[in-house]
Amino acid sequence: MNDYCPVQRDPAPERYGRLHVRTADLAPAEWLTERSPGYAAMGTVAGVAAPGFAVYARILHPASLDERPVRWSTVAAAHGTRVTPTVRWHEVIGEDQDYFNRSDHGMPEVWDEHPGEGPTPPEVARALIPVLGRHTRTQEHCWFGLWCGYGRWEFDGIPTFATPGRDEVLLAGALADAVSPTALDEFAELPDLWWPEDRAWIVGGDVDLVSTYVGGSPELIAELLSDPELEARPVGAGDPVG
């Protein structure tokens with residue numbers, strides 16, 4: 001006898017925050033399902049974002065101390081390590097890959113919470129939005145992908161499009177509305193994928209990552225790398241993600 005009780009999930013909303021949930025016509029996402037075979041692995045930058053952009057950047061999700069954001073470079077300096085473009089968080093803190101199984105973590109006066117795993121954190125998204133908006137002609141008309149496996153919502157029956165390792169629900173709205181799902185629930189996940197109608201850039205994240213990846217023009221990536229509100233590193237399309 002199976003005594004497992006399924007988790008109760010809410011019906012899929014018509015709007016995810018201010019983003020409209022598409023229940024038909026997934027044509028705006030078709031270009032994402034036609035990836036080059038060389039980037040079909042989820043473990044690469046282009047597999048999480050999309051291939052074909054001139055350059056890419058990795059945006060590091062901050063750690064925290066007393067609920068205030070802490071940059072990876074600050075943590076690395078305290079641990080005697082350094083932040084390279086493809087470094088993993090466990091390497092920054094000098095731990096093995098099973099560090100999440102430890103009950104103790106942090107360094108007094110430096111950090112006490114790991115970077116958040118998952119799609120772009122709201123505070124990072126708020127810093128990204130104005131930069132991205134300066135590099136598209138269609139910021140009022142954007143598309144978003146939300147992994148259908150996030151636990152709260154029941155997306156059965158809603159059509160999805162495939163990306164490497166994930167099935168995504170298609171959402172539509174303005175770029176500024178990317179953070180609006182937090183109005184539903186402060187812990188609601190933001191979309192994993194964002195792109196404008198003119199496809200000037202792509203933002204990609206994943207439930208298992210502590211970084212967000214952006215593909216776009218050299219001008220966009222240069223601005224992201226120099227933005228004081230973001231901790232970003234240049235990466236290549238085929239680089240591993242973390």
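Residues numbered from 1 in each chain as written. Predicted model: local features only at pLDDT ≥ 70, side-chain atom pairs only at ≥ 80, totals over all residues. Heavy atoms only, no water.

Draft legend 1. Here's a closer look at the nonpolar core. Within the largest apolar cluster, 36 residues are counted, with the highest numbers of intra-cluster contacts made by L128, L132, L171, W194, V214, L220 and L224. Among the secondary structure elements, those contributing two or more residues to this core are strand 3 (19-21), strand 4 (55-60), helix 5 (122-133), strand 7 (142-147), strand 10 (166-173) and helix 6 (218-226). In terms of residues, this core owes the most to one element, helix 5, which gives seven residues. Dropping the residues within four chain positions of it, V214 is found in contact with V55, Y56, A57, I59, L128, L132, I202, V203, L220, I221 and L224. One finds L32, W143, F161 and L170 within the second-largest nonpolar core, a separate group that totals 23 residues. (Core = buried A, V, L, I, M, F, W, Y, C linked by side-chain atoms within 4.5 Å. Buried < 20%, exposed > 50% of the residue type's maximum accessible area, 1.4 Å probe, protein only. Helix = DSSP H or I, 4+ residues; strand = E, 2+ residues; numbered from the N terminus. Contact = heavy atoms within 4.5 Å.)

Draft legend 2. Spotlight on the side chain of R58. With respect to the helices, strands and loops of the structure, R58 is situated in strand 4. One buried charged residue, R58, forms no salt bridge at all, with the nearest opposite charge on E91 at 7.3 Å. One polar contact links R58 to S211, side chain to side chain, over a distance of 2.9 Å. Within the structure, the side chain of R58 is placed 3.4 Å from the side chain of Y213, a separation counted as a polar contact. (Lys, Arg positive; Asp, Glu negative; His and termini not counted. Salt bridge = Lys/Arg side-chain N within 4 Å of Asp/Glu carboxyl O. Polar contact = N/O pair within 3.5 Å; in protein donor to acceptor, adjacent residues only side chain to side chain.)

Draft legend 3. Up close: the confidence of the model for the protein. Looking at the protein as a whole, its pLDDT mean stands at 89, while 90% of the residues score no less than 70. When the criterion is pLDDT under 50, residues 1-6 qualifies, and its contacts beyond four places in sequence or with other chains add up to zero contacts. (pLDDT = per-residue confidence, 0-100.)

Draft legend 4. Local environment of the pairing of strand 11 (residues 193-196). Residues of strand 11 alternate between two faces, with L193 and W195 on one and W194 and P196 on the opposite face, all of them buried. Relative to strand 11, strand 7 is paired through four bridges, and the arrangement is antiparallel. Bridge assignment links F144 to a residue of strand 11, and that residue is W194. When strand 11 meets strand 12 (residues 202-204), the two strands line up antiparallel, connected through two bridges. Along strand 12, the bridge assignment pairs W194 with V203. The hairpin formed by strand 11 and strand 12 contains five residues between the paired strands, and R199 there has a positive phi angle of roughly 55 degrees. (Pairing = 2+ DSSP bridges.)

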